[in-house]
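Report on the structure
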Amino acid sequence: MGTSNQQLEQPRGRHDSVSVRALGAFFLLTFAFSWLLWLPKVAIASDIALGGGTMETVLRSVSALPEVGAFGPSVAAFVLVYATHGRAGVSRLVGRALDRSFDRRWLVPIFLLFPLLAAVALGVAVVTGFEPSLPWAGQPVALPIAFVWILLFGGPLQEEFGWRGYALEPLQARLGSFGASLGLGIVWGIWHLPWFYMPSMTMYYNRPIWGFLVTITLLSVVMSWLFDNTGGSLLGMILVHTTFNWSQWAFPAIDSDTGGLVVIGLMAALVLAIVARHGTQTFASQPRN
């Protein structure tokens, strides 16, 4: 990443300014913000006996709120950065999402890796008899529109200021890139669990949970590989998160058992190649400047 030494010395949520206690506070705030908004929706959707009275009124009121629980990771990151570094820290964190000073060659895997993987998995599923329902069939203009929608409202901005903008680097400093990726991936997957019981979350509701947990943990490793090789680019993480979610929508291989298994298999092979090439401490091909 083409940043100066002075920039690197500024607190950006890196390991030298994020303690173990702060990391714990980040995960606690993330889950508290999100799950306190999601669990009432789960209770209502599951017809759990609420007992009536004031408690039921409160839960139904929370359940009726707009979906903002997904902002938990980013909200937690901004709260903690502001508490530690004030407005200047918040400005730096926002600036990282706009910073384009990384090797442009990494835009190729950022934009093409996961769409290609999903398309291959869907092709295998079709060969084995699966008949996909493409949401953009006959309306290709929906493809770029969906990309922008997912970028703004489909997870990346709601999550990446937290997962990769705040938590990843201090975890890497303590566990290495591979260990940090696995740990963060597992936590990331568990954070999503209420979605599997919320009918409004159509891509998750009543789908296999274990397949998702494996996939998102593998995704966490691949994203760390891209993170390390773009010098810790938060913009890169927001974009690759968008392309992953977009590819699952555009090429719905996971709608079939075969396609889902192929997705997991291809991602597992990619993770093994990354670890074989770089080891477990850092995935960077070259040291950061």
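Nothing here was measured: the structure is a model prediction, and the numbers come from that model. (Residues numbered from 1 in each chain as written. Predicted model: local features only at pLDDT ≥ 70, side-chain atom pairs only at ≥ 80, totals over all residues. Heavy atoms only, no water.)

Scanning the protein from N- to C-terminus turns up 10 helices and zero strands. Relative to its 289 residues, the protein shows a buried fraction of 48%. When contacts within the protein are restricted to residue pairs at least 6 apart in sequence, those whose partners lie at least 24 apart make up 80%. For the protein, the computed accessible surface area is about 13900 Å², with 67% contributed by carbon and sulfur atoms. (Helix = DSSP H or I, 4+ residues; strand = E, 2+ residues; numbered from the N terminus. Buried < 20%, exposed > 50% of the residue type's maximum accessible area, 1.4 Å probe, protein only. Contact = heavy atoms within 4.5 Å. Areas by Shrake-Rupley, 256 points an atom, 1.4 Å probe, with all protein chains shown as cover.)

Okay, the UniProt feature "transmembrane region" (unreviewed entry) in the protein next. Residues given the UniProt feature "transmembrane region" (unreviewed entry) here are residues 20–38, 68–85, 106–130, 136–154, 175–197, 209–227, 234–254 and 260–279. This span, residues 175–197, is 74% helix and 0% strand, and a straight line between its end C-alpha atoms measures 33 Å. Along residues 209–227, the helical share is 100% and the strand share 0%, with 26 Å between the first and last C-alpha atoms. (UniProt positions renumbered as here; feature names shortened; annotations may be inferred.)

Within an α-helix, residues lying three or four positions from one another point in the same direction, as the helix has 3.6 residues per turn. Under the 1.5 Å per step criterion, the end-to-end length of helix α9 (residues 234–250) is 24 Å for 17 residues, consistent within 8% with the ideal 24 Å. Buried residues dominate α9, accounting for 16 of its 17 residues. Among the residues of α9, the N-terminal cap falls to Ser233, whose side-chain oxygen and the backbone nitrogen of Leu235 are separated by 3.4 Å. (Expected span 1.5 Å × (residues − 1). Polar contact = N/O pair within 3.5 Å; in protein donor to acceptor, adjacent residues only side chain to side chain.)

At a minimum axis distance of 11 Å, the contact between helix α5 (residues 107–127) and helix α8 (residues 209–229) shows a crossing angle of 160°. Our classification of the angle between α5 and α8 gives roughly antiparallel. In the packing of α5 onto α8, the handedness of the crossing is right-handed. Contacts between α5 and α8 involve Pro109, Ile110, Leu113 and Phe114 from the former and Leu219, Val222, Trp225 and Leu226 from the latter. (Axes fitted to C-alpha atoms, helices over the stretch in contact; angles between N-to-C directions. Parallel < 35°, antiparallel > 145°, perpendicular 65-115°, else oblique. Left-handed = near helix turned anticlockwise from the far one by under 90°.)

A few words now on the packing of aromatic side chains. Each pair of aromatic rings is reported with the distance of its centres and the angle of its planes. Going through the model one piece at a time under the given rule, you end up with 17 aromatic pairs. For the pair Phe26 and Phe27, a centre-to-centre distance of 5.1 Å together with 65° between the ring planes defines the contact as edge-to-face. Phe27 matches Phe26 in its accessibility class, with the two residues each being buried. Between Phe196 and Phe212, the ring centres sit 5.1 Å apart and the planes meet at 65°, which makes this aromatic pair edge-to-face. (Phe/Tyr/Trp six-rings, centres within 6.5 Å; stacked < 30°, edge-to-face > 60°.)

Here we come to the side chain of Thr215. By the secondary structure assignment, Thr215 is in helix α8. Judged by its relative accessible area of 14%, Thr215 falls in the buried class. Polar side-chain contacts of Thr215 include one of 2.8 Å to the backbone oxygen of Gly211. Residues contacting Thr215, with those up to four places away along its chain left out, are Phe244, Ile264 and Met267.

Nonpolar side chains collect at one region of the surface, where Leu29, Val68, Phe71, Val75 and Val79 lie side by side and expose about 340 Å² of accessible area between them. If you trace the backbone, Val75 turns up in helix α4 (residues 72–96). (Patch = residues over 30% accessible without salt bridge, like charges linked within 9 Å, V, L, I, M, F, W, Y side chains within 5 Å. Salt bridge = Lys/Arg side-chain N within 4 Å of Asp/Glu carboxyl O.)

This part covers the pattern of salt bridges. Opposite charge on two side chains permits them to pair, given that their charged atoms come into close proximity. For the coordinates displayed, the defined rule picks out three salt bridges. Arg105 is the salt-bridge partner of Asp103, the closest N and O atoms lying 2.5 Å from each other. Relative accessible area serves as the criterion here: at 31%, Asp103 is assigned to the partly exposed category. Using a relative accessible area of 64% as the deciding quantity, one classes Arg105 as exposed.

Quick look at the environment of Trp136 now. Relative to the elements of secondary structure, Trp136 occurs in the loop between α5 and α6 (142–153). For the pair formed by Trp136 and Ala250, sequence separation is 114 residues and the distance between their alpha carbons is 7.1 Å.

So, on to the environment of Ala32. Assignment of secondary structure puts Ala32 in helix α2 (residues 20–45). A sequence separation of 44 residues divides Ala32 from Ala76, and the C-alpha atoms of the two residues are 9.5 Å apart.

The next thing to look at is α6. When the terminal C-alpha atoms of α6 are compared, their 16 Å separation across 12 residues agrees well with the 16 Å that a helix rising 1.5 Å per residue should span. The complete set of buried residues in α6 reads Ala142, Leu143, Ala146, Phe147 and Ile150. Relative to the axis of α6, the buried residues are bounded by an arc of 140° and lie together on one face. Among the exposed residues of α6, those pointing more than 90 degrees away from its buried face are Ile145, Trp149 and Phe153. Packed against the buried residues of α6 are α5, α7 (156–191) and α9. (Arc of directions from axis to C-beta.)

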